[in-house]
Structures are given as structure tokens and as C-alpha cells.
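# Descriptive structure summary
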Amino acid sequence: MSLQPHSPSHPGELIHRTYIEPYDSITIAGIARELGVNKSTFSRLIAGQSAISSDMAVKLSAVLGRSAESWLQLQEQYDLWQSRQKININDFSRLDFSKAS
């Protein structure tokens, strides 16, 4: 497994760049309506202030395409990269299970 050298984009940024920016007639409010969520809820996702839940992944899959699993995987990759930046793994030591009784 290779580590990503730079931060992956938040899934909301990908949604904005791929599904909203290129189209004049597609809006945050319009997608929010199709998803059955408040505009503010979807705006927080687009702004990277909230994460994709399993429920949202299913809705995004139905409205924008891609699989629900792929939406969750994008969120997981983003979250994991963020955690690796915050947590110093040198502060931890691996348990030796071969010596456990």
C-alpha cells in the first residue's frame, strides 16, 4: 500500500468541480432538492465542512452516479490522510502478541 504524498480532495470539492462548476443549469440548491436534503446540508458537504455518511452516499449514487461504496471510499481516503497528518505514530508501540499468555 502506498501513501499519498499530498492531501486528497474532500469529496465535496470533487462534487463541486465535477457536477456543478461545468454546468450553468446545475446548482447546489437543485442537487440538494434531488437528494432530499436542505441546501445548507449539501452546502456544508460541498464546502468540506461535513462528511459523506452512508445515507448520503446512497443518495449521491442515485442522483449523481458512481456507487455508494465509491463515495464512501473517497471520504475514507480523505479522513485517513487527515488523521495521518495529526497523529504521530512514533508515540505508539506495537503490542507483542507472541509474548502474551
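The rules behind each value
- Residues numbered from 1 in each chain as written.
- Predicted model: local features only at pLDDT ≥ 70, side-chain atom pairs only at ≥ 80, totals over all residues.
- Heavy atoms only, no water.
- Axes fitted to C-alpha atoms, helices over the stretch in contact; angles between N-to-C directions.
- Helix = DSSP H or I, 4+ residues; strand = E, 2+ residues; numbered from the N terminus.
- Parallel < 35°, antiparallel > 145°, perpendicular 65-115°, else oblique.
- Left-handed = near helix turned anticlockwise from the far one by under 90°.
- Contact = heavy atoms within 4.5 Å.
- Salt bridge = Lys/Arg side-chain N within 4 Å of Asp/Glu carboxyl O.
- Buried < 20%, exposed > 50% of the residue type's maximum accessible area, 1.4 Å probe, protein only.
- Expected span 1.5 Å × (residues − 1).

## Here's the deal with the packing of helix α2 (residues 28–35) against helix α3 (residues 39–46)
- Running from N to C, α2 and α3 cross one another at 115 degrees; their axes reach a closest spacing of 8 Å. Taken together, the axes of α2 and α3 are roughly perpendicular relative to one another. The chirality of how α2 crosses α3 is right-handed. Contacts from I28, A29, I31, A32 and L35 in α2 reach K39, F42, S43 and I46 in α3.

## Section: the packing of α2 against helix α4 (residues 54–64)
- Close contact between α2 and α4 brings their axes to 9 Å; oriented N to C, the two are set at 110 degrees. In terms of orientation, α2 lies roughly perpendicular with respect to α4. In the crossing of α2 with α4, the sense of the turn from one axis to the other is right-handed. Contact residues: α2 offers I31, E34 and L35, while α4 offers M56, K59, L60, V63 and L64.

## Overview of the pattern of salt bridges
- One pass over the full model with this rule turns up two salt bridges.
- The shortest N-O distance in the salt bridge between R17 and E13 comes to 3.0 Å. Taken together, the residues R17 and E13, both in helix α1 (residues 11–20) and four residues apart, mark about one turn of the helix.
- For E13, a relative accessible area of 41% gives the class partly exposed.
- Of the charged contacts, one joins D96 and K99 as a salt bridge, the two residues approaching to 3.8 Å between their closest N and O atoms.
- Residue classification places D96 among the partly exposed positions, given a relative accessible area of 41%.
- By relative accessible area, which is 71% here, K99 ends up exposed.

## Some points on helix α5 (residues 68–86)
- Under the 1.5 Å per step criterion, the end-to-end length of α5 is 27 Å for 19 residues, consistent within 8% with the ideal 27 Å.
- Among the residues of α5, A68, S70, W71, Q75, Y78 and W81 are the ones counted as buried.
- The elements touched by buried residues of α5 are α1 and α4.

No statement about biological role is implied by the geometric values presented.
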